[in-house]
Amino acid sequence: MREFIVEADGGSRGNPGPAGYGSVVIDAASGETLAEAAEHIGVATNNVAEYKGLVAGLKAARELDPDASVHVRMDSKLVVEQMSGRWKIKHPDMKPLAAEAARVFPAERVTYEWIPRERNKHADRLANEAMDAGKRGERWSPSASTAELDARASRSAADPTPAGPPGDAAAGAARARAALTATRGDASAVDTATRSDAPAAGTATRGVAPGTGTAARGDAPVVVPAVAGIDAQAARNVSAPQVGWAAPDLGAPATFVLLRHGETPLTPEKRFSGSGGSDPSLSDAGREQAERAAAAFAARGTIQAVVSSPLKRCQETAHTVAARLGLDVHLEEDLREADFGVFEGLTFAEARARHPEELNAWLASPEAAPPGGESFTAVARRVAAARDRLTAAYARRTVLLVTHVTPIKTLVRLALGAPPESMFRMELSAASVSAVAYYADGNASLRLLNDTSHLR
């Protein structure tokens, strides 16, 4: 039976936003790239794009040989775990895509493996080429694609082992077989994260989780056979995951130190306090918390800029810290708290008593908004936009973001690629500190969560 490796990826610039996918089919015996597929799919989320990339890659493999076995490799933990049957598929946008992917080949002939993004360069570059083409109002063209050459150059720079001259099929085959064997062998040969039932923290890179948007239909995907005679994927198939000590030096990340504002009179009562109700000031306890945070940051000496939500409680906290550090405070509108609509000012019990149906709907779906308020999807969209602006403005710098529970939890879950319901499983105390680092290649790493040691 012939064996194929399918590598697939997808991305969204805005999440949801302009999206595209890329897929590549590789001959497992020779390491040769057999087919590429890429398409701009309109407005969609990362997860929708990733699933569409998977479907396109599987269909391209079926066109080559409907009787083949397929080993899928993706850097989307969500897709890999859901298609492997270890995670449930809950979001309605994901279910039909997963079902479509499952129908392409019999389940017993398809296996799935999670790989770091560094090992998925070819598909990632195809997806970005498709998005770039869509931005120009064009379709992705294989004749203009440099994805394979770029990915090969990147692998060569990371792996000094010579891949052999073009056409060295025997060497390419040996390396491809070794890589495929490693993915199916004992646990010592593979990244153990691929066998875990839980996501590996810090490995997801792009993330708003399950489908917060719907893909717009575009033209049919372009699938073309690759040029033969080039030892195309040899280095890819044997390169070790580029993580930890083995990762290439990407320079210092942009680091967001996330400080929740100090306590207000509403905090001890656990009342909804968003951007749509009153704008309370800090309480005496909150001002003391801000002073302690300021002293801790001054002692560390790492903060290079201070950015704050425009709401009063954050500005007061931010100015307390900035005054100690000798820095100005810059306001970022999209770091404001969610608007909780009719829940504003209520305790959870009061909201349950007065608006039971609305509260249940809000808890059940990230796309449901309280009457007069914002959905978690809407908040995630603006927080992600703020993240992108700030990582560009403060590249390689450490910046303090003074904000609220929902924006901080959103940044954390996006960094982890966690689903929206994960926000209900995080604790964030008043004046607590969390931290996320953002690297030049798009990876994110959660460094700290809910640290309150400075308040003791």
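For the structure, check the block above.
Summary of the structure given here. (Residues numbered from 1 in each chain as written. Predicted model: local features only at pLDDT ≥ 70, side-chain atom pairs only at ≥ 80, totals over all residues. Heavy atoms only, no water.)

### Things to note about the overall build of the protein chain
Scanning the protein chain for helices and strands turns up 13 helices and twelve strands. Here the protein chain displays about 19100 Å² of accessible surface, and carbon together with sulfur accounts for 53% of that area. (Helix = DSSP H or I, 4+ residues; strand = E, 2+ residues; numbered from the N terminus. Areas by Shrake-Rupley, 256 points an atom, 1.4 Å probe, with all protein chains shown as cover.)

### Here's the deal with unusual backbone geometry
Cis geometry is adopted by the peptide bond preceding P16, which originates at N15 and carries an omega value of 5°. As for its placement among the helices and strands, P16 is situated in the loop between β1 (3-12) and β2 (17-27). Here N15, not a glycine, exhibits a phi torsion of approximately 50°, which is positive. Mapped onto the secondary structure, N15 falls in the loop between β1 and β2.

### Some details on the pattern of salt bridges
Opposite charge on two side chains permits them to pair, given that their charged atoms come into close proximity. Counted according to the given criterion, the structure contains 21 salt bridges. A salt bridge links K121 to E118; its shortest N-O distance comes to 3.6 Å. Considered together, K121 and E118 belong to a single accessibility category, that of buried residues. Note that R271 and E350 form a salt bridge whose closest N and O atoms lie 2.8 Å from each other. Placement of R271 in the loop between β7 (254-260) and α8 (284-300) and of E350 in helix α10 (residues 348-354) is noted, with a sequence separation of 79 residues between them. Overlapping salt bridges, with partners in common, bring together E332, E333, D334, R336 and R389 in one network. (Salt bridge = Lys/Arg side-chain N within 4 Å of Asp/Glu carboxyl O. Buried < 20%, exposed > 50% of the residue type's maximum accessible area, 1.4 Å probe, protein only.)

### Regarding helix α12 (residues 376-393)
When the terminal C-alpha atoms of α12 are compared, their 25 Å separation across 18 residues agrees well with the 26 Å that a helix rising 1.5 Å per residue should span. By the burial criterion, the buried members of α12 are F376, T377, V379, A380, R382, V383, A384, A386, R387, L390 and T391. For α12, the secondary structure elements touched by its buried residues are β7, β8 (305-308), α11 (356-364), β10 (398-403), α13 (405-416) and β11 (433-438). (Expected span 1.5 Å × (residues − 1). Contact = heavy atoms within 4.5 Å.)

### A look at the side chain of T317
Summarising the element assignment, T317 is placed in helix α9 (residues 312-325). Polar side-chain contacts of T317 include one of 3.2 Å to the backbone nitrogen of G262. The residues touching T317, leaving out its near neighbours within four places in the chain, are L259, H261, G262, L282, A290 and V402. (Polar contact = N/O pair within 3.5 Å; in protein donor to acceptor, adjacent residues only side chain to side chain.)

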